[in-house]
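Topology and contacts: notes
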Amino acid sequence: MQVQVIEKLKAIPKIQKYRYGTIFLSCLLFLGPLALLPRLAGNTDLCGRLCMRRFYLYFPGMNLEDFFTHVSVALIGVVAFTTILVFTFFFGRIWCGFICPVGGFAELVSRSLNDRWKIEFRSLPQVQIRYGYLATYLVLLPALGISACTLCNFITVPRLVEALSGGVTGLAFIFSTIGLVNLSLLFLLGFFASKGRAYCQFLCPIGALDGLVNRLGARFGMTHHIRVDKQRCTGCNVCARNCMCGAIKMVDRVAVVEQLSCMSCHECVDVCDWNAIEWTTASRNKVPKRIKKGVEIHPEPDWQAVHFLPNKAAVSDWKRVNWARVANGLIFTMATLFVAATTLLLK
Amino acid sequence: MRAILLHIALLLLGFALPVPAAERHSDPDGCFSCHGLPDLQYVDENGVLRVATILKKDYYGSLHGSVPCKDCHRKIEQYPHKPEEGYVDCSQSCHVNEPSKGKAFTHKDVVEEFKKSAHGSGHAPGATKDFHGGNRLKEEKDEQNPSCRRCHSNTPYIVAANVAKFKEEFHHTDVECGNCHQGETWRNQFSGHILRRLSGSHFSKTEINALCKDCHADQALMEKVKLEDPKTQEKKPADYRWVHASDSYAKTLHARLLDAGAMEGASCLDCHATGGNRHKIERDEQVGASTHLDQLPRTCGQAGCHGYANKPFNEGFVNTDMHNVDWLRFDRLLLLLREKRLDSTWFKALAVLGPLAVLLLLGSLLWTPFGKRKGAIAALLGAERFQRVIIGSKPNKSGKKQQGPGQGLLTRIKSALGGEKPSQPAAPKNNPAQASPAPADPIPAKEESQS
Ligand code: SF4
Ligand code: SF4
Ligand code: SF4
Ligand code: SF4
């Protein structure tokens, strides 16, 4: 068994080791009995003024003043969230991939467990589930009176870590009905999800909004995002297998990155033997950063940020409907209609 | 006993940080001739040591510094007097003129409001009959409801936290406003009296909550409380939810904000006594109570809080459970069962999700040392789908989506338990669209390239 563990550790690409390191470090800084960074703001958890999950909730008939009240309550969270989004626009989802102690903790635990007793969530229609839930979370749950705090990963993980170190607040939270439901969800969607990021991919509103910005940013050539050189990709699918977010899908034997899901964790870059996938700008004439096995690869790559495109068959064959797109459209339309209707009605 | 001591401590604390004040009345009844002596103490019939010393300096700096003793302690006629004669009726009017209006001052309004509140009447046996609002010394033994003194001690005229701000504002009114508004009247009425109120409230939100929690967080005490049914007048012990109201509040964001020092959170009184009527705490069932169903939109929609709560479509929001017992610790399971708490949606969710989580946990713990590891290791659930959707293995020529290999969860679990490789799946009988057989090994080795 020991040999296997060592082998497993050895197989981790070098940059990924750094990434695990930064996550571990931020777990120390953000979570647990120390909670050093939150303490700077007078908090022991990531709630209240640090909350990044609540201030954008939509309540029927709310006006700008109400919004600013929400913002002022969670001011530190708003500033942090804005910073994250700006960073994401230019550099990809560095917060989610390298820093976030909430998603990171689940990932680290999941990666240290065996791969057999896991659930593979990555191939589910992620975008539809995530944004369907996001729309529900933003416009429906508030009106229904379901508090954002009841299904919150940003309270569950910090409290769990606190409980593990014997903290009273954490224990009291974990051993409540709501706490146990949250813990079960963390088990099912975190620890025992393949690669541990299912909670991030489905239920985290921060990640969902961050994903939108990531995709927007990837449309600009000067920003750093995970991009694929279609000419170079051999279709070996190693990247897709390793991507913890299920962001890479093989389409016509070319790796295609779904920017809504990608967390710029760089694992795909590390495992691709063909330099076909990079965290880079789209500019041309760039010397490849890494030359594998002493071979420099020509021609110069033409990096593109690729998204999931409608199926070719779906375009040519009118009988086949691209249900994924229909679902996206429905989610967007319903949410917009709800907001528009309530705003107009309650004017 | 402890509570009594606590009161004394509170009382003393109240005197501990006074604003030094000049002599504000001449002690017409000569009370200070005894009570001004240091170490004036006696032991009451309960064996509690009581301090009867009133320091002049502290008294003059207190809220009631300008009120002569006998304005409140009216029953004391002669020396020596019994302790009970010190009782105070706060609804009496004192002889001091309230500076801003110039009328004799009284707390009568407050006492009337309090009498009608949940604390003054309603479920309180006997509280209405001879409620005088004053300083019952033995209240925690005989009475369910609090008297004025349970929450109010004779605190400094300006609480320590507000002194700096008050001084600054006082200086401003003296210098700037004082150009035109001159004389003692202005100083007394506006600069002194009104400004004191403008410079900040006497109790902060956390202090208010501390007052409520002084009783309501004491579960043993709360379990003894008997609530009167408004219709049948029947007195029953309060239910689980009521007893733990302070606990469940502590889990809300309102409380957590206050705990972290963010004053945006709502205190107990912010919802239970709205509109400046700080003593009008009523039960939810009471029509007109701020927490009554009909009033909730107004209560939640107070200025600076949830402005949208008044608008339609927010009925769900205003009914959000602010004392949700599902946040409470699980350790009182029997009590939970008795209170039929199993109806809760959270319980049902837990009944489904909990066992699943435990199953995975146990399986994973057992598999790590005992499981067999031949070939590639695939996840328990969803590995085929991953293969098909993400990797796109074996699409058939028409480009149609390949149907699932039909390997059910049961097969997977069996094979996982047995540590065997999954067998060649049988094609589902009622699935005519199955075009090609599934690959024998659904998980190609890591390095294998797609052919
Ligand atoms: S529990 Fe979650 S949603 Fe609620 S304040 Fe904390 S971080 Fe925000
Ligand atoms: S998606 Fe949410 S929980 Fe996951 S890493 Fe990002 S912010 Fe953290
Ligand atoms: S690992 Fe590289 S070559 Fe292989 S599919 Fe991914 S991008 Fe293409
Ligand atoms: S696409 Fe690459 S960088 Fe993005 S999440 Fe997947 S492995 Fe990480």
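Residues numbered from 1 in each chain as written. Chains lettered and ligands numbered in written order. Predicted model: local features only at pLDDT ≥ 70, side-chain atom pairs only at ≥ 80, totals over all residues. Heavy atoms only, no water.

Quick word on the domain arrangement of chain A
Residue and element names in this part refer to chain A. To keep it simple, the criterion reads: Each domain span listed reflects an automatic or database assignment of domains. Here a residue-residue contact requires only that any non-hydrogen atoms of the pair lie within 4.5 Å. Buried area, as used here, totals the accessible surface that two parts lose on assembly, with accessibility defined by a 1.4 Å probe and the loss added over both. Note on definitions: salt bridges are taken to be side-chain nitrogens of Lys or Arg within 4 Å of carboxyl oxygens of Asp or Glu. Pairing of N or O atoms within 3.5 Å defines a polar contact, subject to two protein rules: one partner must be a possible hydrogen donor and the other a possible acceptor, and residues neighboring in sequence count only if both atoms are side-chain atoms. Secondary structure elements are taken from DSSP: a helix is a run of H or I of four residues or more, a strand is a run of E of two residues or more, and numbering for both begins at the N terminus. Three classes are used, and their members are as follows: Ala, Val, Leu, Ile, Met, Phe, Trp, Tyr, Cys and Pro are nonpolar, Asp, Glu, Lys and Arg are charged, and the others, Gly among them, are polar.
One can read the domain layout of chain A as domain 1 (2-215) and domain 2 (220-287 + 297-308). The C-alpha-based centres of domain 1 and domain 2 are spaced at 25 Å. In this assembly, 29 residues from domain 1 lie in contact with 26 residues from domain 2. Buried surface at the junction of domain 1 and domain 2, summed over both partners, amounts to about 2,300 Å²; 55% is from carbon and sulfur atoms. Our count for the domain 1 to domain 2 interface comes out at two salt bridges. Salt-bridge contacts for R111 lead to E267; the nearest nitrogen and oxygen are separated by 3.3 Å. For the pair domain 1 and domain 2, the interface holds 17 residue pairs in polar contact (both at pLDDT 80 or more). Listing elements by their share of the side of domain 1 that touches domain 2, those giving two or more residues are α2 (14-30), α5 (75-91), α6 (94-99), α7 (101-112), α8 (126-144), α12 (198-202) and α13 (205-218). Looking at the side of domain 1 that touches domain 2 residue by residue, the class counts come to 12 nonpolar, eight polar and nine charged.

Brief notes about the pairing of strand β1 (residues 225-228) of chain A
Each regular strand carries side chains that alternate between the two faces of the sheet. Residue and element names in this part refer to chain A. Stated formally: Each residue is assigned to one of three classes by its accessible area relative to the maximum for its type, calculated with a 1.4 Å probe on protein chains only: buried under 20%, partly exposed between the two thresholds, exposed over 50%. What makes two strands pair is DSSP finding at least two bridges between them.
With burial as the criterion, each face of β1 is covered, one bearing H225 and R227 and the other bearing I226 and V228. Direction of pairing for β1 relative to strand β4 (residues 277-280): antiparallel, over a ladder of four bridges. Paired with V228 across the bridge in β4 is I277.

With respect to the packing of aromatic side chains
All names here are of chain A. Basically, it comes down to this: For this analysis, a ring pair means two rings from Phe, Tyr or Trp (six-membered ring only for Trp) whose centres lie within 6.5 Å, classed as stacked if their planes differ by under 30 degrees, edge-to-face if by over 60, and tilted for the remaining angles.
In total, this model carries 23 aromatic pairs over all chains according to the counting rule given. Note on F55 and F81: the rings are 5.9 Å apart at their centroids and 75° apart in plane angle, and the pair reads as edge-to-face. Here F55, found in the loop between α3 (36-40) and α4 (64-73), pairs with F81, found in helix α5; they are 26 residues apart in sequence, far enough to count as distant. Assigned by exposure class, F55 and F81 land together as buried. When the ring of F105 is compared with that of F191, the centres are 6.0 Å apart and the planes differ by 70°; the resulting orientation is edge-to-face. Residue F105 is found in helix α7, and its partner F191 is found in helix α11 (residues 177-191); the two are separated by 86 residues along the sequence. Each member of the pair, F105 together with F191, is buried. These aromatic residues form a ring-pair network of at least three members: F87, F89, F90, F91, F220 and W279.

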